[in-house]
Amino acid sequence: MGTVLVVDDIAGNCRLLESLLAPDGHTVRTARDGGEAVRAVRESPPDLVLMDVMMPGVDGFDACRAIKDAPESRLIPVVLVTSLTDTASRIRGIEAGADDFVSKPFNATELRARVRSLLRIKRYTDDLDNAESVIVSLALTIEARDRTTDGHCHRLAQYASALGRTLGLGEDDVAALESGGYLHDVGKVGIPDAVLLKPGPLTPQEYDLMKQHTLIGDRLCGELRLLRKVRPIVRHHHERLDGSGYPDQLRGDAIPLLAQVMGIADVFDALTTKRPYKAPFPVAQAVEELREEAARGWRRADLVAAFIDQVTSAPGRPLPPVARLSRAAAAQPVVT
Ligand SMILES: [Fe+2]
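Residues numbered from 1 in each chain as written. Predicted model: local features only at pLDDT ≥ 70, side-chain atom pairs only at ≥ 80, totals over all residues. Heavy atoms only, no water.

A.B. asks: Help me out: how do you make sense of helix H1 (residues 11-21) in this one?
C.D. replies: An α-helix turns once every 3.6 residues. As a result, residues three or four positions apart point the same way. All buried positions along H1 are accounted for by Asn13, Cys14, Leu17, Leu20 and Leu21. Summarising the axial view, the buried residues of H1 lie within an arc of 130 degrees, below the 170-degree limit, and thus occupy one face. (Buried < 20%, exposed > 50% of the residue type's maximum accessible area, 1.4 Å probe, protein only. Helix = DSSP H or I, 4+ residues; strand = E, 2+ residues; numbered from the N terminus. Arc of directions from axis to C-beta.)

A.B. asks: Teacher, can you tell me more about the coordination of the iron ion here?
C.D. replies: Six octahedral donors at a metal ideally form angles of 90 or 180 degrees, and four tetrahedral donors ideally form angles of 109.5 degrees. Listed as protein donors to the iron ion are Asp185 (OD), His213 (NE2), His237 (NE2) and His238 (NE2); their distances from the metal cover 2.1 to 2.3 Å. Written as a sequence motif, the donor arrangement for the iron ion is D-x27-H-x23-H-H. Taking relative accessible area as the criterion, His237 reaches 2% and is therefore assigned buried. (Donors = N, O, S within 2.8 Å, 3.2 Å for Na, K, Ca; no water.)

A.B. asks: Is there a simple way to think about the pairing of strand S1 (residues 3-7) in this case?
C.D. replies: Two faces, one strand: in a regular strand the side chains alternate between the faces of the sheet. Judged by how many residues are buried, S1 sits mostly within the fold: 4 of 5 residues are covered. As a crossover connection, the stretch from S1 through H1 into strand S2 (residues 27-31) is right-handed. By the bridge criterion, 4 bridges tie S1 to strand S3 (residues 48-52) in an arrangement that is parallel. Opposite Val4, over in S3, you have Leu48 as the bridge partner. (Right-handed = clockwise from strand over helix to strand, strands pointing away. Pairing = 2+ DSSP bridges.)

A.B. asks: I would appreciate a short explanation of the packing of aromatic side chains in the present structure.
C.D. replies: To describe a pair of aromatic rings, you give the distance between the ring centres and the angle between the ring planes. In the structure shown here, the tally under the stated rule is 4 aromatic pairs. Ring geometry for Tyr159 against Phe307: centres 5.7 Å apart, planes inclined by 75 degrees, an arrangement best described as edge-to-face. Linking Tyr159 in helix H7 (residues 152-166) with Phe307 in helix H15 (residues 301-312), this pair joins segments that are 148 residues apart in sequence. On the numbers, 6.4 Å between centres and 80 degrees between planes, the contact of Tyr207 with Tyr246 is edge-to-face. (Phe/Tyr/Trp six-rings, centres within 6.5 Å; stacked < 30°, edge-to-face > 60°.)

A.B. asks: Would you take a moment to explain unusual backbone geometry for this structure?
C.D. replies: Most peptide bonds take the trans configuration, and most residues that are not glycine carry a negative phi. The peptide bond linking Lys104 to Pro105 adopts the cis configuration, its omega dihedral lying at -5 degrees. Within the secondary structure layout, Pro105 lies in the loop between strand S5 (100-103) and helix H5 (108-129). Backbone torsion omega between Tyr246 and Pro247 reads 10 degrees, so that peptide bond is classified as cis. Position of Pro247 among the secondary structure elements: in the loop between helix H12 (231-236) and helix H13 (257-272). Backbone geometry places Gln249, a non-glycine residue, at a positive phi of 50 degrees. Of note, Gln249 is situated in the loop between H12 and H13.

A.B. asks: Would you explain the nonpolar core in this entry?
C.D. replies: Within soluble globular proteins, side chains that are nonpolar generally end up buried alongside one another. Tyr159, Leu177, Leu183, Phe268, Leu290 and Phe307 are the most contacted members of the largest nonpolar core, which totals 38 residues. The biggest single contributor to this core is H13, with 8 residues. Once residues lying within four places of it in the same chain are set aside, the contact partners of Leu177 are Ala157, Ala160, Ser161, Gly164, Leu169, Ile233, Leu258, Val261 and Met262. Membership of the second largest hydrophobic core comes to 21 residues, among which are Met51, Val53, Cys64 and Phe101. (Core = buried A, V, L, I, M, F, W, Y, C linked by side-chain atoms within 4.5 Å. Contact = heavy atoms within 4.5 Å.)

Pasting the structure below:
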């Protein structure tokens, strides 16, 4: 059972298909032409599209191509319904990305079997996407392991996605920043407790080991389709503009923008929360530290300014009096 979008400019055909599919438990929605179908898929993705080819305006071939070209809908099966049986039309349909064809007049039994089969395949691909949920659960498990960072991932997701919106980034990028908040440190799963939970400062060797979390996380994200925008955040959120960061010592614009945004949010949250090796800094001190990092050439001053604006103008969050970091606090590297 699933949601089927039936697309046909002839209302009687829509009703016929609905009467064939609804008794099998499918939810049937309808659209009257290709343009309406593409919009309907974008707004509320169905599990299957059953689409007439010959329609006024945007025809079935073009609508199919638009659905298959969009990353978020390319795995939705599209079946072209046609009375055209010539090879040229089939080839056109295949080139547009159609998954299957149904010829008019319908053989009801065959149509219902094909719909069932394609919906089963769609469920498998949905399960693959659910692999992303598994990785998010893994990230939250790591956070739970390190009690001192309680809520860090959730706050980062909020800070980073809010800054992404302020910067006018697209919805895909904002969504990646939200996921990246949860996933940025997923690679810490590979860091031993003795290092991850060490109450005192890390030795240089331990710090080198801790840095590996960016590479481990990158590998964990693998080739998952939904994580392709999150993966650079996971790998590069500790890079610095002057090349003194890790793991790749990227410089300037070579550091992905989303990773730069996450890096700023990450440092701010690490500074303003309690860690085994330091008390929480007031917001004003964290703001000052971020400004210093920008002045040092580690972070983009415009991004830092936008972030500071965001955290200091949040209602209900008064800005404490500005105080310089103590010498001891400033000397202690913040491990995020
Ligand atoms: Fe990190």
